[in-house]
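Coordinates in review
Take a look at the letters that make up each chain.
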Amino acid sequence: MSSEDALIHSDDPRHPANLICTLCKQFFYNNWCTGTGGGISIKDPKTSHYYLAPSGVQKEQMTPDDLFVMDAQSLGYLRAPKSYKPSACTPLFVACYQKKDAGAIIHTHSQNAVVCSLIFGDEFRIANIEQIKAIPSGKVDPVTKKPIALSFFDTLRIPIIENMAHEDELIDDLHKTFIDYPDTCAVIVRRHGIFVWGPTIDKAKIFNEAIDYLMELAIKMHKLGIPPDCGIGEEKKHLAGQ
Ligand SMILES: CSCCC(=O)C(=O)COP(=O)(O)O
Ligand SMILES: [Zn+2]
């Protein structure tokens, strides 16, 4: 086996090359990565190499042989399949690795994200829902040094940026959200989808699932006339006003 192929061939189902392919299949059936849209990038915790999907392919049909591998220091490709270009989202994924210390980034074209981007202005907000507790607050416990999750009584805020003709044109607004929302683990792109990151692929997957659940719930609340960020008990007056 060539040294390049050794980067992507492993019997371990948790190897980044295998995990990207497995999860993209799952995400296809969630309607998150269909019609070539969306994707996943994972940083190998052992080597720190970035694993990236090719651009414009049916993500659920990818095999490890299709994947690009990038060196985290030089940002040069250690492996680049000749028949493909790397995902158009690569600059955005790299920004999340470099600025947010991400271990993995999930990009979906979730319809819940798209509809929320039409309902909300420059920020998605939802409050006082149990599932919020799956999302990190961005703060760390000073004693245990473990990340602190949002509480039931908190408001989850996710910035919304405007879509552009090409993925790489989103980079300036993405960097701005890193400054304006230092604690966020996600950015919604209006009329496009969402980027969610975490310290590991397992965490990123949990955050993505929880956020998608909350966006779906927010749409249902909005249809009922209940502001998704309303206080506990306030929903009654909104329902009564119908
Ligand atoms: C119909 S998909 C348009 C491009 C996009 O938004 C996306 O997420 C996929 O880009 P890639 O280059 O990774 O195929
Ligand atoms: Zn996209």
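Here the residue numbering is sequential within each chain, running from 1 through the sequence in written order. Whichever chain is written first is A, and whichever ligand is written first is 1; the rest continue in order. Local features in this predicted model are restricted to residues whose pLDDT is 70 or higher, and side-chain atom pairs enter the listing and the counts only when it is 80 or higher, whereas totals over whole chains, interfaces and linings include all residues. The basis for every side-chain value is the complete set of non-hydrogen atoms in the structure, without hydrogens or water.

Let's talk about the coordination of the zinc ion (ligand 2)
Only N, O and S atoms count as donors, using a 2.8 Å limit from the metal and a wider 3.2 Å limit for Na, K and Ca, and since water is excluded some coordination spheres may look unfilled. Protein coordination at the zinc ion (ligand 2): the donors are His 107 (NE2), His 109 (NE2) and His 192 (NE2), at 2.0 to 2.1 Å from the metal. Expressed as a motif, the donor residue spacing for the zinc ion (ligand 2) is H-x1-H-x82-H. With His 107 in strand β5 (residues 104–108) and His 192 in the loop between β10 (186–189) and β11 (193–198), the pair connects residues that are 85 residues apart, well separated along the chain. Among the residues examined, His 107 registers a relative accessible area of 1% and is labelled buried. A run of DSSP states H or I qualifies as a helix once it reaches four residues; a run of E qualifies as a strand once it reaches two. Both are numbered from the N-terminal end. We call a residue buried when its accessible area falls under 20% of the maximum for its residue type, exposed when it is over 50%, and partly exposed in between, using a 1.4 Å probe and counting protein chains only.

With respect to the UniProt feature "domain: Class II aldolase/adducin N-terminal" (unreviewed entry) in the protein chain
Annotation from UniProt places "domain: Class II aldolase/adducin N-terminal" (unreviewed entry) at residues 18–219. End C-alpha to end C-alpha, residues 18–219 measures 34 Å, and it is 30% helix and 24% strand. UniProt positions are given in the numbering used here, feature names are shortened, and annotations may be inferred rather than shown by experiment.

Considering the pattern of salt bridges
Opposite charge on two side chains allows them to pair when their charged atoms are near. When a carboxyl oxygen of Asp or Glu lies within 4 Å of a side-chain nitrogen of Lys or Arg, that pair is called a salt bridge. Counting across every chain of the model gives 13 salt bridges. Taking the shortest distance from any N to any O, the salt bridge between Asp 5 and Arg 79 comes out at 3.4 Å. In this pair, Asp 5 is assigned in helix α1 (residues 3–6) and Arg 79 in strand β4 (residues 77–79), connecting sequence segments 74 residues apart. Overall, Asp 5 belongs to the partly exposed group, its relative accessible area being 24%. Note that Lys 205 is salt-bridged to Glu 209, the shortest N-O span being 2.7 Å. Here Lys 205 and its partner Glu 209 are both found in helix α6 (residues 201–223), four residues apart, which amounts to about one turn of the helix. Beyond isolated ion pairs, a larger network of salt bridges with shared partners links Glu 123, Arg 125, Arg 157 and Asp 229.

Overview of the packing of helix α2 (residues 16–29) against α6
In a packed pair of helices, the relevant descriptors are the angle between the two axes and the axis-to-axis distance. All axes are obtained by fitting lines to C-alpha atoms, using only the stretch in contact for helices, and the reported angles, taken between N-to-C directions, cover 0 to 180 degrees. Running from N to C, α2 and α6 point in directions that differ by 10 degrees, and their axes come no closer than 13 Å. The orientation of α2 with respect to α6, classified from their angle, is roughly parallel. Contacts between α2 and α6 involve Leu 19, Leu 23, Gln 26 and Phe 27 from the first element and Ile 201, Lys 205 and Asn 208 from the second. Here the contact of α2 with α6 is built from residues that sort into four nonpolar, two polar and one charged. Note on angle classes: values under 35 degrees are labelled roughly parallel, values over 145 roughly antiparallel, values of 65 to 115 roughly perpendicular, and the remainder oblique. Whether two residues are in contact is decided by their heavy atoms: any pair within 4.5 Å suffices. Here the nonpolar group is Ala, Val, Leu, Ile, Met, Phe, Trp, Tyr, Cys and Pro; Asp, Glu, Lys and Arg are the charged ones; every other residue, Gly included, is treated as polar.

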